[in-house]
Amino acid sequence: MKKKKIRKVNVNNIVEKGCKMEFLKLGSIILVKENSKKFMIIGRAVNLKTEKGLEYYDYELCTYPEGIMGEDVAFVKHKDVEKVIFEGYEDEEGEEFVNKILPLVEQYREE
């Protein structure tokens, strides 16, 4: 089977509900704008070191249903999430983590 290379897409990981900022839950299955492939959220609030310096992404993704295959992952911002197909899992520990990182993430959000 031919291995598909995941292209890097620009998707934003923060959801705004009223004035409250939130992340989509780990394990959520999403569609990204201009891409028909399904992705699963495997990481949140990622600072990626690139040739341009540090780049902030709301989510780290793998393809669904394949999962992580080698080093093929994508990094996106929430503004490019077109649709949430399935909402992932979160418990109290996950909520505490998100509450701790939200104030730090605000400085990286694009206007």
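In this text the structure is predicted, and so the values were computed from the model without any measurement.

**Quick notes on the pattern of salt bridges**
Under the counting rule described, the total for this entry stands at three salt bridges. Note that K25 and E87 form a salt bridge whose closest N and O atoms lie 2.7 Å from each other. Highlighted residues: K25 in the loop between β2 (20-23) and β3 (29-32) and E87 in the loop between β7 (81-86) and α1 (92-105), separated in sequence by 62 residues. When its relative accessible area of 25% is taken as the criterion, K25 is described as partly exposed.

**Things to note about the packing of aromatic side chains**
Within this structure, the stated rule accounts for two aromatic pairs. With a centroid separation of 5.9 Å and 45° between ring planes, the pair formed by Y57 and F75 is classed as tilted. A residue pair is termed long-range when its members are at least 10 positions apart, and Y57 in strand β5 (residues 53-64) and F75 in strand β6 (residues 74-76) qualify at 18 residues.

**With respect to the side chain of S28**
Along the chain, S28 turns up in the loop between β2 and β3. A residue is classified by how much of its surface remains accessible, and S28, at 1% relative accessible area, is buried. Here S28 is in contact with F39, M40, I41, F86, E87 and G88, once residues within four sequence places are set aside.

**With respect to the confidence of the model for the protein**
Of all residues in the protein, 77% attain a pLDDT of 70 or more, and the chain-wide mean is 80. For residues 1-19, every residue scores under 50 in pLDDT, and the model assigns this stretch 76 contacts once sequence neighbours within four places are set aside.

**Re unusual backbone geometry**
A cis amide bond, omega 15°, links Y64 with the succeeding residue P65. Residue position: P65 is located in the loop between β5 and β6. Unusually for a residue other than glycine, E34 sits at a positive phi of about 60°. The phi dihedral of A45 is positive, around 55°, even though this residue is not glycine. Within the secondary structure, A45 is located in strand β4 (residues 38-50).

The rules we used
Residues numbered from 1 in each chain as written. Predicted model: local features only at pLDDT ≥ 70, side-chain atom pairs only at ≥ 80, totals over all residues. Heavy atoms only, no water. Salt bridge = Lys/Arg side-chain N within 4 Å of Asp/Glu carboxyl O. Helix = DSSP H or I, 4+ residues; strand = E, 2+ residues; numbered from the N terminus. Buried < 20%, exposed > 50% of the residue type's maximum accessible area, 1.4 Å probe, protein only. Phe/Tyr/Trp six-rings, centres within 6.5 Å; stacked < 30°, edge-to-face > 60°. Contact = heavy atoms within 4.5 Å. pLDDT = per-residue confidence, 0-100.

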